Amino acid sequence: MHVKEGKRKLFGTDGIRGRANLFPMTVEIALALGKAVASLLQQKEGRHRVVIGKDTRLSCYMFENALIAGLCSMGVDTLMVGPLPTPGVAFITRAYRADAGIVISASHNPYYDNGIKIFNHEGFKLSDHLEQEMEEMILNDNFEKKLPQDNEVGKNKRIQDADGRYIEFVKATFPKGKTLKGLKIVLDCANGAAHRVAPLAFQELDAEVIVYNNEPNGININQKCGSLHPELIQKRVLEHQAHVGIALDGDADRVIMVDEKGDIIDGDIILAIAASALKKNRLLKGNKVVATVMTNLAVVRFLESLDIQVFLSKVGDRYVIQDMRSHGAPLGGEQSGHLIFLDHNTTGDGMVTAMQVLRIMLEEKSSLSTLASCVTKYPQTLLNIAVCQKPPLESLTTVKEAIVNAEAMLGKEGRILVRYSGTENLCRVMIEGPKKTYINKLASKIGNEIKRTIGM
């Protein structure tokens, strides 16, 4: 494999991700990654073990076997949990006192993509430094001298009770002695990793649960369903006269909710609802919250009006979590539906987030629409433009000019953010301003220039 000096080719903002069977998401890379993880673990003495979970993509089988082969060949034992939400793998890693956890998933991406992300023994995603170290190992392929004797290779074991353990963990984040009896919930599992555990978690707390998209076939994950397509549960909530809709994504680390009126409640509003309730009950440690540069300005100002200090991180739940830990904030989240309650889990957890919103509804004796009315979001538009490459935006003269012109026209009445996706070949254009039609026009001008310059 050839790689330019000093330029990373494998890891992005959320592990390794790409189209399955094409570089970097190949079986060969997965095999080498297993060996690289083992090499890092072997820097400490003793026997090591790694938890491996996945979502429901067809390609997960081959990557699962490749990772296990790589780890076991280096003398590390593996624990398979099968399809399980990403936050569930983080939890099982801690519960089993494993040295690391690996998730095979491309989250909200289509089935033909896949990815690999790694947690340390505490359930937190690895640092950029460790990912860089593993990348150098993989690209240099220098594992021969580290191979163990034939009687010291690793063993693979399937964990039989992972689903049940994670369900109990999620339920434990709901108040003891309380139930969801009387609540009617529409649940969209995105044909993904939560298709078994999510219905049971809410049903076992006595909610009436109407389930959609919980029959994965390997290629229907996120297919016109889940958190990226909440229009389905918008309709179903109204049709079933439900109290709330819950839409998870493929690996269930994010959630979008729908109120009883059929309106979408995104991560920004959930963050506002959760922070407000925690502050009211004196459970918001330090009165600090981490949001991102994409968070709606109205949400930021609402939280600040409650004397809550808001820190804005880069987009990506790993950066939100890093800033939460550095600032000592117990709560953080993204507009996309990644919400992190550090008192409960070490990563975004769609099921735990939904449980917290339901808890607040019952404690406040309030509907979700009433809770969501605390904030009126500023008009915001977001374009996702497919690109064939990702050169620095400042190097694209005409794109830069389009952004500067739009900023001049918008003035102090709004803001513009243009960035590349860290997980897909997309350039995102977000504009916030006073009038929807006006910001749509400005976004289109920037978007058209991006298409003309580097569009696919």
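If you're wondering where the values come from, they're calculated on a predicted model, not measured in any experiment. (Residues numbered from 1 in each chain as written. Predicted model: local features only at pLDDT ≥ 70, side-chain atom pairs only at ≥ 80, totals over all residues. Heavy atoms only, no water.)

(A) A look at the overall build of the protein. The helix and strand inventory of the protein stands at 14 helices and 19 strands. By the compact-globule yardstick of 23 Å for 456 residues, the protein fits well, its C-alpha radius of gyration being 22 Å. Across its three principal directions, the C-alpha atoms of the protein cover 65 × 60 × 40 Å. The 456 residues of the protein split such that 58% are buried. Of the roughly 20,000 Å² of accessible surface on the protein, 50% is carried by carbon and sulfur atoms. Between the mean site of the 57 positive side-chain charges and the mean site of the 53 negative ones, the protein shows a separation of 3 Å. (Helix = DSSP H or I, 4+ residues; strand = E, 2+ residues; numbered from the N terminus. Rg over C-alpha atoms; globule rule 2.2 N^0.38 Å. Buried < 20%, exposed > 50% of the residue type's maximum accessible area, 1.4 Å probe, protein only. Areas by Shrake-Rupley, 256 points an atom, 1.4 Å probe, with all protein chains shown as cover. Lys, Arg positive; Asp, Glu negative; His and termini not counted. Charge placed at Lys NZ, Arg CZ, Asp CG, Glu CD.)

(B) Geometry of helix H11 (residues 350-364). Here H11 spans 21 Å end to end across 15 residues, near enough to the 21 Å set by a 1.5 Å rise per residue. Burial runs high along H11: 12 of the 15 residues are buried. In this structure Asp-349 caps H11, since a side-chain oxygen of it lies 3.2 Å from the backbone nitrogen of Met-351. Positive backbone phi, approximately 50 degrees, marks Lys-365, located one or two places after H11. (Expected span 1.5 Å × (residues − 1). Polar contact = N/O pair within 3.5 Å; in protein donor to acceptor, adjacent residues only side chain to side chain.)

(C) Focus on the pattern of salt bridges. In total, this model carries 24 salt bridges according to the counting rule given. Here Arg-359 makes a salt bridge to Glu-363, at a shortest N to O gap of 2.9 Å. A residue pair is termed a helical-turn pair when its members lie 3 or 4 positions apart in one helix, as Arg-359 and Glu-363 do in helix H11 at four residues. Judged by relative accessible area, Arg-359 falls into the buried class, the value being 11%. Residue classification places Glu-363 among the partly exposed residues on the basis of a relative accessible area of 46%. What emerges from the salt-bridge pattern is a single network uniting Asp-14, Arg-17, Lys-117, Lys-125, Asp-251, Asp-253 and Asp-317. (Salt bridge = Lys/Arg side-chain N within 4 Å of Asp/Glu carboxyl O.)

(D) Representation of the environment of Val-300. Checked against the element boundaries, Val-300 lands in helix H9 (residues 297-305). Separated by 29 residues in sequence, Val-300 and Leu-271 have C-alpha atoms that sit 9.9 Å apart. Apart from residues no more than four positions distant in its own chain, Val-300 is found in contact with Thr-295, Val-310 and Leu-312. (Contact = heavy atoms within 4.5 Å.)

(E) Just the packing of aromatic side chains, in detail. Under the criterion given, the structure shown has four aromatic pairs. Summarising the aromatic geometry, the rings of Phe-91 and Tyr-166 are spaced 6.5 Å apart at their centres and angled 45 degrees between planes, so their arrangement reads as tilted. Taken together, the positions of Phe-91 in helix H3 (residues 86-95) and Tyr-166 in helix H5 (residues 162-172) put the pair 75 residues apart, joining distant regions of the chain. Note on accessibility: Phe-91 and Tyr-166 belong to one class, buried. Aromatic side chains Tyr-166 and Phe-169 sit 6.0 Å apart centroid to centroid with 25 degrees between the ring planes, which places their arrangement in the stacked category. Residue Tyr-166 and its partner Phe-169 are located together in helix H5, separated by three residues, close to a single helical turn. Just above the ring of Tyr-112 sits the side chain of Arg-19; from NZ or CZ to the centre is 4.1 Å. When the ring centre of Tyr-319 is taken as origin, the NZ or CZ atom of Lys-314, which lies over that ring, is 4.2 Å away. (Phe/Tyr/Trp six-rings, centres within 6.5 Å; stacked < 30°, edge-to-face > 60°. Lys NZ or Arg CZ within 6 Å of the ring centre and 35° of its normal.)

(F) Layout of the nonpolar core. Ranked by internal contacts, the top residues of the largest apolar core, which has 73 residues, are Leu-180, Phe-202, Ile-246 and Met-257. At nine residues, helix H8 (residues 267-280) tops the list of elements feeding residues into this core. Leaving out residues up to four positions away in the same chain, Ile-246 has contacts with Ile-185, Val-186, Leu-187, Asp-188, Phe-202, Ile-233, Val-255, Ile-256, Met-257, Ala-354 and Leu-358. Listed in part, the 37 residues of the second largest apolar core include Ile-16, Ala-36, Val-76 and Leu-139. (Core = buried A, V, L, I, M, F, W, Y, C linked by side-chain atoms within 4.5 Å.)

(G) Spotlight on the sheet that holds strand E8 (residues 184-188). With respect to topology, five strands assemble into an open sheet ordered E9-E8-E10-E11-E12, the strand pairing being mixed. In the strand order of this sheet, the two ends are held by strand E9 (208-212) and strand E12 (264-265), each with one partner. The sheet contact formed by E8 and E9 spans five bridges and is parallel. Within E9, the residue paired with Lys-184 across the bridge is Glu-208. Contacts from H11 reach E8, strand E10 (244-248) and strand E11 (255-258), with the element oriented near 165 degrees to E10. (Pairing = 2+ DSSP bridges. Axes fitted to C-alpha atoms, helices over the stretch in contact; angles between N-to-C directions.)

(H) Spotlight on the packing of H8 against H9. Packing of H8 against H9 brings their axes to within 10 Å, and their N-to-C directions diverge by 5 degrees. Taken together, the axes of H8 and H9 lie roughly parallel to each other. Of the residues in H9, those touching H8 at Asp-268, Leu-271, Ala-272, Ala-275 and Ser-276 are Val-299, Phe-302 and Leu-303. When the residues that make up the contact of H8 with H9 are grouped by side-chain class, the tally is six nonpolar, one polar and one charged. (Parallel < 35°, antiparallel > 145°, perpendicular 65-115°, else oblique. Nonpolar A, V, L, I, M, F, W, Y, C, P; charged D, E, K, R; others polar.)

(I) Structural view of the confidence of the model for the protein. Of the residues in the protein, 98% have a pLDDT of 70 or more, and the chain-wide mean is 95. Predicted confidence is poor over residues 1-7, with pLDDT under 50, and the contacts of this stretch with residues over four places away or in other chains come to seven contacts. (pLDDT = per-residue confidence, 0-100.)

(J) Broad picture of the side chain of Asp-268. Assignment of secondary structure puts Asp-268 in helix H8. The charged side chain of Asp-268 is buried without a salt bridge, its nearest counter-charge being Lys-377 at 4.0 Å. A distance of 2.9 Å separates the side chain of Asp-268 from the backbone nitrogen of Asn-296, its partner in a polar contact. Discounting chain neighbours no more than four positions away, the residues touching Asp-268 are Met-294, Thr-295, Asn-296, Val-299, Glu-334, Gln-335 and Lys-377.

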